[in-house]
Amino acid sequence: MERELEITTPYIFLPVCAGKVETKLEIFLEDESAFRKKIYEFMVPVADNDIDTEQYPLDYYAGIPVEQYLGRKIVICADAPKSFLSCIKSENENNEHKMQLPRPLIHFTADTGWTNDPNGMIYADGIYHLYFQYNPFNTSWENMSWGHATSTDLLHWQQQDTVMFPDESGTMFSGCAISNERSLLGLPSDAILYFYTAAGGSNAWSKGLAFTQKIAYSLDGGKTLVKMDNPCLSTIEKENRDPKIYWHEETQAYIMVLFLEGNDFAIFRSQDLQQWEQSDRFTLDDAWECPDLLRLTSDTGETCWFFWTADGFYYPGEFDGFHFKVQGKQRKAYVNKIPYAAQTYFGIADRTISIPWLRLENDGRLFTGAYGLPVELTCKNTENGYIIVQKPVRELMQQAKQTAYDSVAGEKMLSFGKDKKAAVLKMRAKEDYKGSYAWEFNGSTIAYNPEIGTFGVDGEQYQIGCGYQEFLFVVDDRILEVFFDGGRQLGTFVLKNTAVQIKIPNEAAFAENLVYYIEGGNT
C-alpha cells in the first residue's frame, strides 16, 4: 500500500500501535518526473487488520520533521492496512494526554517511545544538551535515532525534535559532542560537532555495510544536525562503535576512545578530526562498549585517570596521550545492572558530570527507559587505591525545599500522593547505633545490614560494603537512587509504586534525618 502526501507543515505524524507486529515503512521524495528518492525507512508497529480509520487502535503519534521538504510531495509505502496509512497526519491530534501520565520528575524520560544510551552530551550557551538513543515509533528497541532534550539546571528537562534518523549508512548508534573551538572541518568556531557510529547492516537500507564512525554538525546551537557524507574513521572491526572525543592539551591532539570487539578497545589521535591514527589497543576483562576516558581530581588534589565502560566497570591507570596503562583492579561504579552506558559532559570546565541510561522495563506506560540523576565525579584515595566518588549535582540541593514528616503511631511518615514532587532524604546514623536500618519507599521494603554489608530491596540482596552510616536517598516516581557514604557507592532500584510515600520504622537510629522535595518536572 502507498499514500501520496504534500508537505504543508513542518512535521508528519505516524500512528503508533505499541507492541504490535512491525512492518517496514519507506518514505520517498517524488519530483516532477515521478522520480523517487528514499528519505526515511523505519520499522513500525501496525494493527493486524484493516478497520475503520476512526477506530484504528493507536496509542500515540510520533513526529518526523519534514520542514526541509515543504511544498514537495512524498510517497509513503508500507505493507500495512489502508487504515494505518489514512491515519498519518500533518497535525498532532492526540498527544496531549501523554504528558498527563505519571512519570519521573527529575529523571528524564522521553514523552513516548523507547530510549537507551545517552549521546552527545554538551553544555553550550547556558544549555545542557542530552541526546539519546531513541525509537520514536515503539516502546521497544528499533530504529535507532538520536532524540534530544535540553535543560538549564540538569533537573528539569524539555524534549526537543529528534535530530538524526536512520539512513542508507545504517542506524544512528552512540557518540559524543565537542565544540569546534579550533574552527576545523571548514566550519565556524561556534559550530557543535557530533561524532557517532553509523551502524551499517542494522537496517534493510544499509544491508551489507559495516559500522563506521561519522560526523554531524550544528550551526544553530544543537537544534538541528547536518550529517557529513564521509566517515572520519573506517571500519576497524565489524561492529566497532561509541566514539568519545577529547582534546589532550599536553600532546596537542584530539583523542578518540572506541570500542572494537569482545573486550577490546582502542585509542586514536588526530590533529584535524578527519584523519585518525591508532595509538593503542588493549583488552579489559569483562568490559565492553561505551568507553569514556576520565581525568579526575582527588580529594587531596591529585590527578587520576580512569577508563570507563558501559556496565560502570572502570579501571584506574595512567594516560600519556598515546597509551592507557591499567594500574590496579577493575572497580564497579554501580551496585547493580540498572545504570548503563553513562557518558560525561563536554564544555563544563570546573566539574565532571555523568548521566547513565537506566534500564527500566516497560510498566505499561507509553515510554520505556529513563536517565539517572546527573552526578558529579571526583576520586578518592582509599585503603584499596583510588575509587571514583559520585555525588548528585549541586543543583539538587540548591533547588530542594525542606519539609517535615508526619508522625503516625510513633513512626515517621511522608506522602506526596499524586503531587508532582520528588523526595530527597539526607540521613546520618548515630555513632553508637549497632543494629540494621529499615525504610519503606513507595510500597517497597528497604533494609541495610552494616555488619555484613547487604542492602535489600523487596527481598533482593546486594553486597555494597560494611559500616556505612551516611545515606542520601532520591525517590522519584518508581526510581530510587541511594548514595552511600558520601558517594562511595551508588545504587539504583525500582520501587513497587510511583506515588512518593515514605515510612521510617526505626527513626531513633539516626542522628540526622532531613527530608526535602523538588517540584516541577519534564515537559
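What you are looking at is a predicted structure, and each value in this text was computed from that prediction instead of being measured.

J.: Tell me about empty space enclosed by the protein, residues and numbers included.
T.: For the structure shown, the criterion picks out three cavities of 30 Å³ or more. Roughly 90 Å³ of internal volume is contained in the largest cavity. Along its surface, the largest cavity is lined by 14 residues, and G175, D242, C290, P291 and Q343 are the ones closest to its centre. Among the elements of the structure, β7 (113–124), β11 (171–179), β15 (241–248) and β24 (339–344) are those that each provide at least two residues to the lining of the largest cavity. For the lining of the largest cavity, a count of residues per class yields six nonpolar, four polar and four charged.

J.: Explain unusual backbone geometry residue by residue, including any values.
T.: Phi is positive for D286, close to 75°, though the residue is something other than glycine. Residue classification places D286 among the exposed positions, given a relative accessible area of 54%.

J.: Could you give an account of the pairing of strand β32 (residues 411–417), with specific residues and numbers?
T.: Of the strand pairs in this sheet, strand β31 (residues 406–408) and β32 are connected by three bridges, and their pairing is antiparallel. By the bridge assignment, S407 is partnered in β32 with K412.

J.: Break down the sheet that holds strand β1 (residues 2–6) for me, with residues and values.
T.: Spatial ordering of the open sheet is given by β1-β6-β3-β4, a layout of four strands whose pairing is antiparallel. Edge positions in the sheet fall to β1 and β4 (36–45), since each has one partner strand and no second. This sheet shows a mean twist of 20° between the axes of neighbouring strands, independent of strand direction. Alignment of β1 against strand β6 (residues 73–78), held across five bridges, turns out to be antiparallel.

J.: Tell me what's going on with the pattern of salt bridges, and back it up with residues and numbers.
T.: By the definition in use, this model includes 27 salt bridges. Across the salt bridge formed by E4 and K73, the nearest N and O atoms sit 3.6 Å from each other. Of this pair, E4 sits in strand β1 while K73 sits in strand β6, and the two are 69 residues apart along the sequence. For E4, a relative accessible area of 47% puts it in the partly exposed group. By relative accessible area, K73 is classed as partly exposed at 30%. Ionic pairing is found between D363 and R478, a salt bridge with its closest N-O pair at 3.4 Å. One end of the pair, D363, is in the loop between β25 (352–358) and β26 (367–368); the other, R478, is in the loop between β38 (470–476) and β39 (479–484), and 115 residues separate them in sequence.

J.: Give a detailed account of the nonpolar core, specifying residues and quantitative values.
T.: L25, I27, F42, I64, I74 and F84 are the most contacted members of the largest nonpolar core, which totals 34 residues. Discounting residues that sit within four places of it in the chain, F84 has contacts with P15, L25, V44, P45, V46 and Y56. Core analysis: the second largest hydrophobic core is formed by 33 residues, L414, Y437, Y462 and F510 among them.

J.: I'd like a description of the sheet that holds strand β12 (residues 192–199), backed by residues and values.
T.: Spatially, the four strands line up as an open sheet ordered β11-β12-β13-β14, and their pairing is antiparallel. Strands with a single pairing partner mark the edges of an open sheet, and in this sheet they are β11 and β14 (226–227). Bridge count between β11 and β12: seven bridges; the pairing is antiparallel. Paired with M172 across the strands is A198, a residue of β12.

J.: Which residues make up the layout of surface pockets, and what are the values?
T.: Considered as a void within the structure, the largest pocket measures approximately 1,100 Å³ in volume. Surrounding the largest pocket, 36 residues form its lining, Y40, Q68, V163, L225 and K227 being those nearest its centre. When residues of the lining of the largest pocket are assigned to their parent elements, the largest contribution, four residues, is made by β4. Of the residues belonging to the lining of the largest pocket, the class tally is 16 nonpolar, ten polar and ten charged. Here the second largest pocket is characterised by a volume of approximately 700 Å³. In terms of lining, the second largest pocket is formed by 22 residues, of which the most central are Y246, W247, R295, F346 and I348. At the level of secondary structure, the elements contributing two or more residues to the lining of the second largest pocket comprise β15 and β19 (292–297). Ranked by residues supplied to the lining of the second largest pocket, first place goes to β15 with five residues. Tallied by class, the residues present in the lining of the second largest pocket amount to twelve nonpolar, four polar and six charged.

J.: Run through the packing of aromatic side chains, naming residues and quoting values.
T.: Counting across every chain of the model gives 51 aromatic pairs. Where F132 meets Y134, the ring centres are 5.3 Å apart and the plane angle is 65°; that geometry is what we call edge-to-face. One exposure class covers both F132 and Y134, and it is buried. Consider the rings of Y448 and F471, whose centres lie 5.7 Å apart with planes at 70°: the pair is edge-to-face. Taken together, the positions of Y448 in strand β35 (residues 444–449) and F471 in strand β38 put the pair 23 residues apart, joining distant regions of the chain. The pair Y448 / F471 is uniform in exposure class, with both members buried. For the cation-ring pair, R182 lies above W247, with the distance from its terminal atom to the ring centre recorded as 3.5 Å. Its end group placed over the ring of Y517, K421 keeps NZ or CZ at 4.4 Å from the ring centre.

J.: Lay out the environment of E302 with the relevant residues and their values.
T.: With respect to the helices and strands, E302 occurs in the loop between β19 and β20 (303–308). For the pair E302 and C379, spaced 77 residues apart in sequence, the C-alpha separation works out to 9.0 Å. There is a polar contact of 2.9 Å between the side chain of E302 and the side chain of T300. Among the polar contacts made by the side chain of E302, one reaches the side chain of Y386 at a distance of 2.4 Å.

Conventions and cut-offs
- Residues numbered from 1 in each chain as written.
- Predicted model: local features only at pLDDT ≥ 70, side-chain atom pairs only at ≥ 80, totals over all residues.
- Heavy atoms only, no water.
- 1 Å grid on protein atoms, 1.4 Å probe; cavity = no way out; pocket = protein on both sides within 12 Å on 5 of 7 lines; lining within 4 Å.
- Points joined across faces, edges and corners; volume = space filled by probe spheres on them.
- Helix = DSSP H or I, 4+ residues; strand = E, 2+ residues; numbered from the N terminus.
- Nonpolar A, V, L, I, M, F, W, Y, C, P; charged D, E, K, R; others polar.
- Buried < 20%, exposed > 50% of the residue type's maximum accessible area, 1.4 Å probe, protein only.
- Pairing = 2+ DSSP bridges.
- Axes fitted to C-alpha atoms, helices over the stretch in contact; angles between N-to-C directions.
- Salt bridge = Lys/Arg side-chain N within 4 Å of Asp/Glu carboxyl O.
- Core = buried A, V, L, I, M, F, W, Y, C linked by side-chain atoms within 4.5 Å.
- Contact = heavy atoms within 4.5 Å.
- Phe/Tyr/Trp six-rings, centres within 6.5 Å; stacked < 30°, edge-to-face > 60°.
- Lys NZ or Arg CZ within 6 Å of the ring centre and 35° of its normal.
- Polar contact = N/O pair within 3.5 Å; in protein donor to acceptor, adjacent residues only side chain to side chain.

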